[in-house]
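A closer look at the structure
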Amino acid sequence: QLQLVESGGGLVQPGGSLRLSCAVSGFTLDYYTIGWFRQAPGKEREGVSCISPSGGSTNYSDSVLGRFTISRDNAKNTVYLQMNSLKPEDTAIYYCALQEIVRPSLHCRGEEYDYWGQGTQVTVSS
């Protein structure tokens, strides 16, 4: 059974860093695009970053470009999101998701992802 489990969230001060992990079980990660998404209270879900099966292609939202880095270790069936220079507006629940059928182009659109984790809370506050 496919399962995605996020970890690494928490409370951090503005300017700080966190690294989120998405551990995938039930699927061999090598063949699938993975995305990170977030949703803040009262706001729509936002695609933060996504990565192709090989890791050769990545995509970022404008709001995190230059501050966040997505990576993957297929041998460990895990995808990471390194978040630096965190801002209060980064506060949200962060979700990872798997795209079962890889699309020709890499996009971080939630409707293109088929399996989702339960999320991990990230709070940026002093």
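Relevant structure appears above.
Given the structure is predicted, the values throughout are model-derived calculations rather than measurements. (Residues numbered from 1 in each chain as written. Predicted model: local features only at pLDDT ≥ 70, side-chain atom pairs only at ≥ 80, totals over all residues. Heavy atoms only, no water.)

Some thoughts on the state of the cysteines
Basically, it comes down to this: What counts as a disulfide here is a pair of cysteine sulfur atoms lying within 2.5 Å. Helix numbers and strand numbers start at the N terminus; a helix is a DSSP run of H or I with at least 4 residues, a strand a run of E with at least 2. Each residue gets one of three labels from its accessible area relative to the maximum for its type: buried under 20%, exposed over 50%, partly exposed in between, using a 1.4 Å probe on protein chains only.
Considering all chains together, one arrives at 2 disulfides under this definition. At a sulfur-sulfur separation of 2.1 Å, the disulfide partner of Cys 22 is Cys 96. Between Cys 22 and Cys 96 the sulfur-sulfur dihedral comes to about 70°; the bridge is accordingly right-handed. Taken as a pair, Cys 22 in strand S3 (residues 18-25) and Cys 96 in strand S9 (residues 92-99) lie far apart in primary sequence, 74 residues in all. Each member of the pair, Cys 22 together with Cys 96, is buried. Cysteine pairing for the protein chain (bonded cysteines numbered in sequence order): 1-3, 2-4.

Comments concerning the packing of aromatic side chains
Our working rule: Two aromatic rings from Phe, Tyr or Trp, using only the six-membered ring of Trp, form a pair when their centres are within 6.5 Å; if the ring planes differ by under 30 degrees the pair is stacked, by over 60 it is edge-to-face, and anything between is tilted. Remark: a charge is flagged as sitting over a ring if the NZ atom of Lys or the CZ atom of Arg is within 6 Å of the ring centre and within 35 degrees of the ring normal.
Per the stated rule, a full pass over the model turns up 5 aromatic pairs. Where Phe 27 meets Tyr 115, the ring centres are 5.7 Å apart and the plane angle is 65°; that geometry is what we call edge-to-face. With Phe 27 in the loop between S3 and strand S4 (33-39) and Tyr 115 in strand S10 (residues 115-116), this residue pair connects regions lying 88 residues apart in the sequence. Looking at Tyr 115, the relative accessible area reads 30%, which means it is partly exposed. Ring geometry for Phe 37 against Trp 116: centres 4.8 Å apart, planes inclined by 50°, an arrangement best described as tilted. One end of the pair, Phe 37, is in strand S4; the other, Trp 116, is in strand S10, with 79 residues separating them in the sequence. An aromatic cluster of at least three residues, connected via ring pairs, comprises Phe 27, Tyr 31, Tyr 32 and Tyr 115. If you follow Arg 45 out to its NZ or CZ, it ends over the ring of Phe 37, 5.9 Å from the centre.

Describing the sheet that holds strand S7 (residues 68-73)
Quick reminder of the rule: Any two strands with at least two DSSP bridges between them are considered paired. Note on geometry: axes are lines fitted to C-alpha atoms, helical ones only across the stretch in contact, with angles between N-to-C directions running from 0 to 180 degrees.
Overall, antiparallel pairing links the 4 strands, which are arranged S1-S3-S8-S7 in an open sheet. Strands with a single pairing partner mark the edges of an open sheet, and in this sheet they are strand S1 (3-7) and S7. Each strand axis lies, on average, 15° off the axis of its neighbour in the sheet, ignoring direction. Across 5 bridges, the pairing between S1 and S3 is antiparallel. Pairing of Gln 3 across the sheet is with Ser 25, part of S3.

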